[in-house]
Amino acid sequence: MPLTPGLRIGAYEVLSLLGAGGMGEVYRARDTSLNRDVALKVLPDLFANDPDRLGRFKREAQVLAALNHPNIGSIYGLEPSAGPSVLVLELVEGPTLADRIARGALPLEEAASIAQQIAEALEAAHEHGIVHRDLKPSNIKVRADGTVKVLDFGLAKALDAVASPPDASLSPTLTSPAETRLGVIMGTATYMSPEQARGLPVDKRADVWAFGCVLYEMLTGRRAFAGEDVSVTLARVIEREPDWNALARAAPASMARLVRRCLQKNPRDRLRDIGDARLELREALATLGQGTAEPAASPARHHPPMTLVVAVVAALAAGAAGTFWLTRDWRRDSGSPGAASVLQPLSTEINLSADAPLALDSEAADVGYDSTLLDISPDGRTIVYVGLSAGTSQLFVRQFDSFEVRALDGTQGAIHPFFSPDGRSVGFLTNDKVKAYSLATGSTTTICDARVAVVATWTGDQVFFASDEGRRLSRVSIRGGTPVIAAQARDGYRYGRVTPDGRHVLVTFKREGISSDFAQILLVNLETHEAKSLTADGYDARLTTNGYLVFGRSGSAFAARFDAERAQLDGEPVPIASGVRMHALYPHLQLAVSGAGVLAYVPGGDVGIAEVAWVSRHGDVEFLGVEPRVYGMFDLSDDGRRVAIHVADNRDYVLIHDIERNVARRLPTAEAAGWPKWSPAGDALAFTSFAAGQPYRVMIQQIDSDRPPVTVVESEARLTPTTWGRDGRLTFYEFPSNRIGFVTRAGEAAWSAPQYFSFSGSTHDISQDGRWIAYADAGDASGGGISVRPLTSGERVRRISDAGTEPRWCRGCNEVIFRRGNQWFGAPVSLQPDFEWKPPRPILRTEFNDSPGPSWALSADGQRILVLKRKEELPRTRVRVIHGWLAGAPRPH
C-alpha cells in the first residue's frame with residue numbers, strides 16, 4: 001500500500017519515500033511521540049495477504065527486535081494501526097556501502113575497519129540464532145562518523161516460504177543508485193552462497209560467504225561473481241572462482257587469505273564462525289596501523305629478468321623523492337598454456353615539489369574545473385604536469401629516473417598539456433592560444449588562436465583541439481596558420497582526443513542530463529562523420545598506440561582491447577586503476593597513459609560526488625543532512641528554509657531538502673529535471689525539463705500543490721532559469737544561442753510569450769529590481785572578470801573585478817559576491833540613483849577542498865554560503881604511477 005506525505009499511521013507522520021525494492025517500499029516518517037525520524041517499511045501485498053508468511057514474519061521480527069548492537073539497524077516494532085505489514089525501523093543516515101564502492105576500491109584501512117564492524121554485527125546476530133541471508137553492500141550503511149550499520153537482518157528468512165528455493169525477486173533489497181542498472185535480482189544473486197543458489201538449506205555459513213563477497217568487492221572495486229543475468233551469475237557462483245589475481249594486486253596476504261577462506265564453495269571447507277574473521281581483521285588493522293609491510297598474496301615467485309630489474313631501479317629512483325611501495329610481488333602470469341608471460345603491475349607514488357603543486361581547482365584564472373593537468377611521454381619515461389608557481393599555472397616536467405622537477409620557461413598560463421608523437425615537444429593550451437614547447441631547445445611557439453579550448457591531441461603534423469565546451473573540433477598545422485573545422489558542433493557531444501592515426505575522434509555523448517557516468521563513448525569518423533558507440537557508462541576516452549581504449553567511470557579507470565578492423569571493443573572493459581581523480585559533470589579524468597605500459601594519475605576519486613555544506617565568513621562549516629551524490633546546480637529559497645538541488649546519479653531529478661526538518665523529497669516529474677530556481681516567496685519552483693529527443697522546457701511547479709507544472713517556454717537549445725524578479729518576472733538563459741529571455745505572469749497559470757536579447761557573458765545574476773545584470777566575462781572556466789551593466793540596454797559597462805566567476809547579488813548586504821577558486825569576494829554596491837561600487841575585498845575562504853561544482857548559494861544576510869564540499873583533503877603534491885598496467889588490462893580473445 002503506497003503511502004503519501006502527510007499521512008498519519010499511529011504516532012508516525014509520513015514525510016517522504018526513501019526507496020523501493022523487492023522487499024517493498026521504505027518511507028521516512030516522524031515519530032511524533034518521541035520526536036525522532038524513523039523508517040517505515042511497507043511489505044508487498046504478496047506478504048501482506050499471506051497469513052502464514054505474516055505469522056513467520058511477526059515471530060522473526062520479535063526475535064530481531066531483541067538485538068541491540070551498535071552495528072545493527074534496530075527494529076522498533078510493527079505498527080498495529082496499519083496492520084502487521086508496516087515495520088518501524090531505525091532510520092540510518094548516510095550512503096550505502098554500494099554507493100561507496102561505486103567510487104572505486106576502498107583503501108585497505110577503511111575496508112578493514114568496515115569489514116570488522118560488519119563481522120561484529122553478524123557475530124552478534126549469529127549468537128541469537130539469526131542468519132541474515134541477504135548481506136550485500138546495499139544493505140550496509142556507513143554513517144558520516146564511520147559507524148557501520150547492517151540493515152534487514154533476518155528478513156529474507158522471515159519472508160521466504162518454508163523449504164522453498166530462494167526467490168531472488170523477494171529479496172529484502174532497497175535499491176540504490178549504484179544497483180539500479182543491474183537490478184534488485186542481480187544484486188542479490190551476486191552474493192548468494194552456492195548452497196543458497198542451489199536451493200539447499202542454509203545456515204550462518206551463508207553469511208560468511210556473503211561477507212567474503214563484500215570484502216572482496218571493497219578491496220578490488222569489482223564483484224566477485226557477476227554475469228549478464230541471474231542464471232549466468234548463479235552459474236558462476238556455483239562453478240567458477242573469483243579473479244584471485246585481482247585480489248592479490250589489491251590486498252595483503254592476510255586479508256586475501258581471509259577472503260579465500262570465506263569463499264570456499266563447500267560449506268564444510270568454509271570459515272565456520274564469523275568471529276574468527278573478526279579476529280583476523282583486528283590483527284590486519286593493527287598491522288596496517290603500525291605501517292608494517294606485508295607481502296601480497298601470490299603464487300610462487302620467479303626471479304625477474306634483467307629488463308625488469310632495470311624497471312625496478314627506475315621506479316626506485318622515481319620513488320626516492322616521495323613514497324614507494326609494491327602493491328604486489330613482481331612476478332609472471334602465464335594466463336593460459338602457451339601464452340606469453342606478462343609482468344604484473346608495479347605501483348609507485350611520487351611526491352611533487354611543494355613549491356610547484358598540482359593546479360587543482362586553483363585560483364589561477366586560467367585553470368578551470370575541467371582542466372587536464374598531466375600527460376606522459378610516448379616512451380613512458382617522462383611526465384609533464386600543470387603546477388602552480390607565483391600564483392599562476394605553468395608546466396613542469398619530471399623524468400621517472402630523476403629526482404628533478406623542472407619548470408618549463410615560457411609556459412605560464414598553461415592548461416591541458418599533450419606530448420607530440422615523438423615525445424620531443426609538449427603542446428599546451430592557454431585561455432586563447434594553442435602553443436608548443438620544444439624540450440630540445442627550450443623555446444615556446446604559438447600555433448594558433450583557440451578560445452577556451454578543453455582538450456587537444458597532436459597527431460602527425462597536426463593538432464586537433466575541441467572548443468565551445470567541447471562541442472566543436474578544429475585542426476591546425478603544427479607549423480601554425482588558421483584552424484579549420486574538423487567536426488561541427490553537435491548537441492550532446494563533447495569531442496575528446498583524436499585517435500593516433502588522425503582519422504577518428506572519441507566523443508563523450510550525453511543524451512540528457514549533466515552527469516557523464518551514464519554517457520556513451522562514440523567513435524566518430526572525421527571523413528564520413530559516421531558515429532559508432534563503443535561503450536556506455538563512461539567518458540573522457542583515449543586510444544593508446546598499442547590498441548587499448550582507456551576511459552573513466554565512477555572513480556576508476558577502465559581499459560578494453562580495441563579491434564581496429566571492426567572499430568569495436570574486443571571484450572568487456574576492466575578496471576586498471578582505482579581512486580583516479582575525475583569529474584563526471586564536465587567530464588574529465590586526471591590520468592595519462594602510455595602504450596609503453598606506464599600509467600600516471602592524480603588520486604582523489606570522482607570529485608563530482610560531494611556533500612552540501614554551509615561555510616560562514618568566520619570559517620565555520622556545517623554539513624546539511626543530504627547524502628553524498630553527484631550534484632549540479634542548486635538554489636536556496638529566500639527564507640533560507642529549503643534548498644532545491646539538481647541530482648544526477650542514475651537519472652536527473654530535483655531534490656527539495658527542508659533544512660530545518662532535515663527531510664528531503666523529489667520534485668514529482670515524469671521526465672528528467674534540473675537547474676532549479678526558487679520564486680521570491682518560495683511558493684513556486686522554476687526548473688528545466690528535458691529528455692532525449694525532446695525540446696528543453698522551462699517549467700514552473702507550485703510547491704505543496706497537486707497541480708501539474710506549467711510550461712512557460714521551450715527550445716531545442718538548452719534553457720536554464722536564472723532569476724525571479726520581485727515583479728514575478730522569470731529570466732532564463734539559452735545556450736548556445738547566448739541570449740537571455742524573460743517571461744511575465746499573465747494570469748493564475750498563464751505566462752507571456754518570451755522576449756529575448758543577446759548576451760555574451762557566462763555565469764550571471766540579475767538584481768532584484770530587474771535593472772542590472774552582474775556577469776562573468778566569457779573568458780574561461782574561472783571567468784574573465786566580473787562586470788555589471790543594465791539588463792536590457794547597451795549602456796556603459798562597469799567592471800568591478802579583473803578575475804572571478806559566478807557573481808551573486810546579496811539581497812541583505814548590498815554587495816555583489818563572486819568567487820575565485822576557493823575564495824569569495826564582496827564588492828559593496830549601491831543601485832540608487834545609479835549603480836556605484838567599491839573595490840571588492842575577500843570575505844571568506846574554504847580551508848578544505850570544495851568539490852568542483854557549477855553552483856553555490858548565498859544566505860539572505862550574505863554571512864554564509866552554501867557550497868558543494870568534500871570532507872577529505874585532496875592531495876596536491878602526489879601522483880601515482882603504475883608500471884606495467886597492461887598486465888591488469890584485458891587480453892585479446
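Residues numbered from 1 in each chain as written. Predicted model: local features only at pLDDT ≥ 70, side-chain atom pairs only at ≥ 80, totals over all residues. Heavy atoms only, no water.

## Quick word on the overall build of the protein
Formally: Helix numbering and strand numbering both begin at the N terminus, where a helix is a DSSP run of H or I of at least 4 residues and a strand a DSSP run of E of at least 2. A 1.4 Å probe rolled over the protein chains alone gives each residue an accessible area, and that area as a share of the maximum for its type sets the label: buried under 20%, exposed over 50%, partly exposed in between. In what follows, residue pairs with any heavy atoms lying within 4.5 Å of each other are defined as contacts. Note on areas: Shrake-Rupley, 1.4 Å probe, and residue coverage restricted to the protein chains presented here.
In terms of regular secondary structure, the protein is built from 13 helices and 62 strands. Expressed as a percentage of the 893 residues in the protein, the buried residues total 58%. Considering only contacts in the protein between residues 6 or more positions apart, those separated by 24 or more positions represent 52%. Accessible surface, the protein: about 35,200 Å² in total, of which carbon and sulfur atoms supply 49%.

## What to know about the sheet that holds strand S23 (residues 472-477)
Basically, it comes down to this: In short, DSSP must find at least two bridges between two strands for them to pair. Only the contacting stretch of a helix is used when fitting its axis, a line to C-alpha atoms as for every element, and angles between N-to-C directions run 0 to 180 degrees.
Pairing is antiparallel across the open sheet formed by four strands, whose spatial order is S21-S22-S23-S24. What marks the edges here is a single partner per strand, and that holds for strand S21 (455-459) and strand S24 (484-487). With direction set aside, neighbouring strand axes in the sheet form an average angle of 30°. Inspection of the sheet shows S21 paired to strand S22 (residues 462-467) by five bridges, in the antiparallel sense. Looking at the pairing, Thr457 lines up with Phe464 of S22.

## Focus: the nonpolar core
Filter applied, for reference: Among the buried residues, those of types Ala, Val, Leu, Ile, Met, Phe, Trp, Tyr and Cys that are joined through side-chain atoms within 4.5 Å form a nonpolar core.
Residues Leu97, Ile118, Phe211, Leu215 and Met218 are the most contacted members of the largest nonpolar core, which totals 52 residues. Only helix H3 (97-101), helix H4 (108-127), strand S7 (140-142), strand S8 (148-150), helix H8 (204-220), helix H10 (244-250), helix H11 (253-262) and helix H12 (274-289) provide two or more residues apiece to this core. With sequence-adjacent residues up to four places away left out, Ile118 is seen in contact with Leu97, Leu135, Ile140, Val148, Val150, Phe211 and Val214. Formed by 29 residues, the second largest nonpolar core is a distinct cluster that contains Ile383, Tyr385, Val386 and Val602.

## With respect to the pairing of strand S42 (residues 663-666)
Relative to S42, strand S41 (residues 652-658) runs antiparallel, the two being bridged by four bridges. Following the sheet pairing, Ile656 is matched in S42 by Arg665. Between S41 and S42, which pair antiparallel and follow one another directly, the connecting turn spans four residues, one of which, Asn662, has a positive phi of 55°.

## Section: the state of the cysteines
Two cysteines joined by a covalent bond between their sulfur atoms form a disulfide. Rule in force here: To count as a disulfide, a pair of cysteine sulfur atoms needs to be within 2.5 Å.
In the structure shown here, the tally under the stated rule is one disulfide. A sulfur-sulfur distance of 1.9 Å marks the disulfide that ties Cys810 to Cys813. Taking the torsion about the S-S bond as the criterion, the Cys810 to Cys813 disulfide, at about 140°, is right-handed. The buried category is assigned to Cys810, whose relative accessible area is 7%. With no disulfide of its own, Cys213 has Cys262 as its nearest cysteine by sulfur position, at a separation of 9.2 Å. With a relative accessible area of 1%, Cys213 lands in the buried category.

## Structural notes on H8
Just so we agree on the cut-off: What a helix should span is 1.5 Å times the count of its residues minus one.
Given a rise of 1.5 Å per residue, 17 residues ought to cover 24 Å, and the 25 Å separating the end C-alpha atoms of H8 matches this to within 8%. Counting buried residues in H8 gives 16 out of 17 residues, a clear majority hidden from the surface. In the stretch just after H8, Gly221 is the one whose phi turns positive, near 80°.

## Looking at empty space enclosed by the protein
Defined as follows: Space inside and on the surface of the protein is sampled on a 1 Å grid over the protein atoms alone, with a cavity defined as a set of points where a 1.4 Å probe fits but cannot get out and a pocket as an open set with protein on both sides within 12 Å along at least 5 of 7 lines; lining residues have an atom within 4 Å of a point. Grid points are joined across faces, edges and corners, and a volume is the space filled by probe spheres set on the points.
Counting across every chain of the model gives eight cavities of 30 Å³ or more. Volume-wise, the largest cavity comes out at about 130 Å³. Lining the largest cavity are 16 residues, and of these Arg494, Tyr495, Gly496, Asp540 and Pro587 sit closest to its centre. Those elements giving two or more residues to the lining of the largest cavity turn out to be strand S25 (493-498), strand S26 (504-509) and strand S29 (539-543). The greatest single-element share of the lining of the largest cavity, amounting to four residues, is contributed by S25.

## Quick word on the pattern of salt bridges
To keep things clear, this is the line we draw: When a carboxyl oxygen of Asp or Glu is within 4 Å of a side-chain nitrogen of Lys or Arg, the pair counts as a salt bridge.
Applying the stated criterion across every chain, the model contains 32 salt bridges. Arg278 serves as the salt-bridge partner of Glu123, at 2.5 Å between the closest nitrogen and oxygen. Taken together, the residues span a long stretch of sequence, with Glu123 in helix H4 and Arg278 in helix H12 at a distance of 155 residues. Glu123 sits in the buried class, given a relative accessible area of 17%. Taken together, the shared-partner salt bridges connect Arg28, Arg30, Asp37 and Glu93 into one network.

## Overview of the confidence of the model for the protein
Under the convention used in this document: One confidence number per residue, pLDDT, is output by the predictor and ranges from 0 to 100.
Put simply, the protein has an average pLDDT of 80, and 80% of its residues get 70 or more. Note on residues 158-187: pLDDT is under 50 here. Beyond four places in sequence and across chains, it has 90 contacts.

## Notes on H4
Spanning 20 residues, H4 covers 28 Å between terminal C-alpha atoms, matching the ideal 28 Å at 1.5 Å per step. Note on H4: the residue one or two positions beyond its end, Gly129, has a positive phi of about 75°.

## Some points on the packing of aromatic side chains
Stated precisely, the cut-off is as follows: Stacked, tilted and edge-to-face pairs are distinguished by plane angle, under 30 degrees for stacked and over 60 for edge-to-face with tilted covering the rest, among Phe, Tyr and Trp rings (Trp via its six-membered ring) whose centres lie within 6.5 Å. Lysine NZ or arginine CZ positioned within 6 Å of the ring centre and within 35 degrees of the ring normal marks a charge as sitting over the ring.
In this structure the tally under the stated criterion is 16 aromatic pairs. Note that Arg36 overlies the ring of Tyr76, its terminal NZ or CZ placed 4.1 Å from the centroid.

## Comments concerning the pairing of strand S30 (residues 548-553)
Remember that side chains alternate between the two faces of the sheet whenever the strand is regular. Burial within S30 is extensive, with six of its six residues counted as buried. Side chains Tyr548, Val550 and Gly552 of S30 all project onto a buried face; the interleaved residues Leu549, Phe551 and Arg553 project onto the opposite face, where all are buried too. From the end of S29 to the start of S30, which pair antiparallel, there are four residues, and Gly547 there has a positive phi angle of about 90°. Where S30 lies against strand S31 (residues 556-563), six bridges are found, and the strand directions are antiparallel. Considered in S31, the bridge of Arg553 is made with Ser556. The antiparallel pairing of S30 with S31 creates a hairpin that spans two residues between the two strands, and Ser554 there sits at a positive phi of about 50°.

## Comments concerning the sheet that holds strand S46 (residues 710-715)
Hydrogen bonds along the backbone pair up the strands of a sheet, which may run parallel or antiparallel. In spatial order, the strands read S43-S44-S45-S46; together these four strands make up an open sheet with antiparallel pairing. Each edge of the open sheet carries a strand with a single partner, namely strand S43 (672-678) and S46. Ignoring strand direction, the axes of neighbouring strands in this sheet form an average angle of 25°. Pairing geometry for strand S45 (residues 696-702) and S46, over five bridges, is antiparallel. By the bridge assignment for S46, Ile700 is matched with Val710.

## Considerations on unusual backbone geometry
Along the chain, Gln832 connects to Pro833 via a cis peptide bond; the corresponding omega equals -5°. Within the secondary structure, Pro833 is located in the loop between strand S57 (823-830) and strand S58 (836-837). In this model, His416 sits at a positive phi of 55°, which is unusual for a non-glycine residue. With respect to the secondary-structure elements, His416 resides in strand S17 (residues 415-419). The backbone phi angle of Asn738 is positive, close to 55°, even though this residue is not glycine. Looking at the element boundaries, Asn738 is found in the loop between strand S48 (730-735) and strand S49 (739-743).

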